[in-house]
Amino acid sequence: MSKRTIVIVMTLVVFICNGCGLVSDDRKPVDDISKKIKEEMGNDLFFWFDEVLDDGARCYSFRVMKVDAGLIEDFYDACNEALNGEKEKTVFCVDYFLPGGGASLFYLQNYNDDGDTYDNVSYLCIRDQTKWNEEVCDPSLYSQIKGIKELHVDKGIQEKADDMGIDWYSYWPDLEKVVVEER
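Note that the structure is predicted; figures quoted are calculated from it, not measured.

Reading the values: rules and limits
Residues numbered from 1 in each chain as written. Predicted model: local features only at pLDDT ≥ 70, side-chain atom pairs only at ≥ 80, totals over all residues. Heavy atoms only, no water. Helix = DSSP H or I, 4+ residues; strand = E, 2+ residues; numbered from the N terminus. Buried < 20%, exposed > 50% of the residue type's maximum accessible area, 1.4 Å probe, protein only. Areas by Shrake-Rupley, 256 points an atom, 1.4 Å probe, with all protein chains shown as cover. Disulfide = S-S within 2.5 Å. Contact = heavy atoms within 4.5 Å. Salt bridge = Lys/Arg side-chain N within 4 Å of Asp/Glu carboxyl O.

Draft legend 1. Geometry of the overall build of the chain. Scanning the chain from N- to C-terminus turns up 5 helices and 7 strands. Starting at the N terminus and walking to the C terminus, you meet the elements of the chain as α-α-β-β-α-β-β-β-β-α-α-β. In the chain, buried positions account for 45% of the 183 residues. For the chain, the accessible surface area stands at approximately 9800 Å², while carbon and sulfur atoms represent 49% of it.

This is the structure in structure tokens:
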């Protein structure tokens, strides 16, 4: 083999082992909110991007390599601390890293379906990604966070919660609304 061929093969191996560059693609936070969350969470999550949604909300997207109840609780706390009572509509999305892309796990926001803002993050939407990773779709992973008033769950997550005997109201006594979504 020529040196050029060896270099090309080694470059491809490194590229593939790094998930096409996604593993280490921790982008620079764009403002105070994303900086505070990144500082609080450290290497447990990567800042991915931000955008303004159709309803005018600012959405911050992050990626994680592992998921556990402690990480979700820490992320929830970091979001509330970063918002610090801010009334601007804000969404915090978390994707689970998969080679070649990501799978949306959950998102949090500080406003409800009617557009009314909460004093903190009080809206949670849990996505069903069991076809990619059964463990990251365990409904009990969300048991440590406090203060959820509006919950949206994919049908598959609700079915898992039912099978496990999970009552969302036992997690969040102030829960005002539960919506099971078909996707």
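Next comes the rest of the write-up.
Draft legend 2. Seen up close, the state of the cysteines. Scanning the entire structure with this criterion turns up 0 disulfides. Among the cysteines around Cys-79, which has no disulfide bond, Cys-93 carries the closest sulfur, lying 9.9 Å off. Taking relative accessible area as the criterion, Cys-79 reaches 0% and is therefore assigned buried. Cys-125 carries a free sulfur, and the closest cysteine sulfur to it, the one in Cys-93, is 9.1 Å from it.

Draft legend 3. Representation of the side chain of Asp-154 in the model. With respect to the helices and strands, Asp-154 occurs in strand S6 (residues 150-154). Other than its neighbours up to four places away in sequence, Asp-154 contacts Ile-126, Arg-127, Asp-128, Val-180, Glu-181 and Arg-183.

Draft legend 4. Main features of the pattern of salt bridges. Under the definition given, this model contains 9 salt bridges. Across the salt bridge formed by Asp-113 and Lys-177, the nearest N and O atoms sit 3.1 Å from each other. Of this pair, Asp-113 sits in the loop between strand S4 (101-109) and strand S5 (123-126) while Lys-177 sits in strand S7 (residues 177-181), placing them 64 residues apart in sequence. The class for Asp-113 is partly exposed, based on a relative accessible area of 40%. Note on Lys-177: relative accessible area 32%, which makes it partly exposed. Measuring nitrogen to oxygen at the nearest pair gives 3.5 Å for the salt bridge that ties Glu-182 to Lys-155. Here Glu-182 is found in the segment after S7, whereas its partner Lys-155 is found in helix H4 (residues 155-164), with 27 residues between them in sequence.

Such coordinate-based values are descriptive only and should not be taken to indicate function.
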